[in-house]
Amino acid sequence: LNGLCLLPGADWRMMGERLGIPAETINQWKRWKIDLPMFYVLQTWSQSSGASVRILHRHLVSPQMRCTLLAKRISDFYKVD
């Protein structure tokens, strides 16, 4: 998400929180300094029953994230309305 979001702090940790990843898990990944943390966020979230492209898009365009470039790329390929 770095570079694709307009707001400071709109990163993998915020997205993880918004998608319901437990804070303990996010903090553990941060301590481990894992490569590609957003992969882990999406991989973990994708296994939940509420995971959908529409929900992902809604989080990306939220006032807290404002990841408009990434959201646009998703909406170019998927129906998100």
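Reading the values: rules and limits
Residues numbered from 1 in each chain as written. Predicted model: local features only at pLDDT ≥ 70, side-chain atom pairs only at ≥ 80, totals over all residues. Heavy atoms only, no water. Helix = DSSP H or I, 4+ residues; strand = E, 2+ residues; numbered from the N terminus. Rg over C-alpha atoms; globule rule 2.2 N^0.38 Å. Buried < 20%, exposed > 50% of the residue type's maximum accessible area, 1.4 Å probe, protein only. Contact = heavy atoms within 4.5 Å. Patch = residues over 30% accessible without salt bridge, like charges linked within 9 Å, V, L, I, M, F, W, Y side chains within 5 Å. Areas by Shrake-Rupley, 256 points an atom, 1.4 Å probe, with all protein chains shown as cover. Salt bridge = Lys/Arg side-chain N within 4 Å of Asp/Glu carboxyl O. Phe/Tyr/Trp six-rings, centres within 6.5 Å; stacked < 30°, edge-to-face > 60°.

Caption draft 1: Representation of the overall build of the chain within the structure. Within the chain, the secondary structure is distributed over five helices and zero strands. Tracing the chain from N to C terminus, the helices and strands come up as α-α-α-α-α. Relative to the globule expectation of 12 Å for 81 residues, the C-alpha radius of gyration of the chain, 12 Å, shows essentially globular dimensions. Taken along the three principal axes of its C-alpha coordinates, the chain extends 35 × 30 × 20 Å. The proportion of buried residues among the 81 residues of the chain is 32%. Contacts spanning at least 24 positions in sequence make up 53% of the contacts within the chain whose residues lie at least 6 apart.

Caption draft 2: Structural view of a nonpolar patch on the surface. A cluster of nonpolar residues, L36, F39 and Y40, forms a patch on the protein surface that exposes about 340 Å² of accessible area. Along the chain, L36 turns up in the loop between helix 2 (23-32) and helix 3 (37-46).

Caption draft 3: Up close: the packing of aromatic side chains. Scanning all chains against the criterion turns up three aromatic pairs. Through a chain of ring-to-ring contacts, three or more aromatic side chains come together here, namely W12, W29, F39 and Y40.

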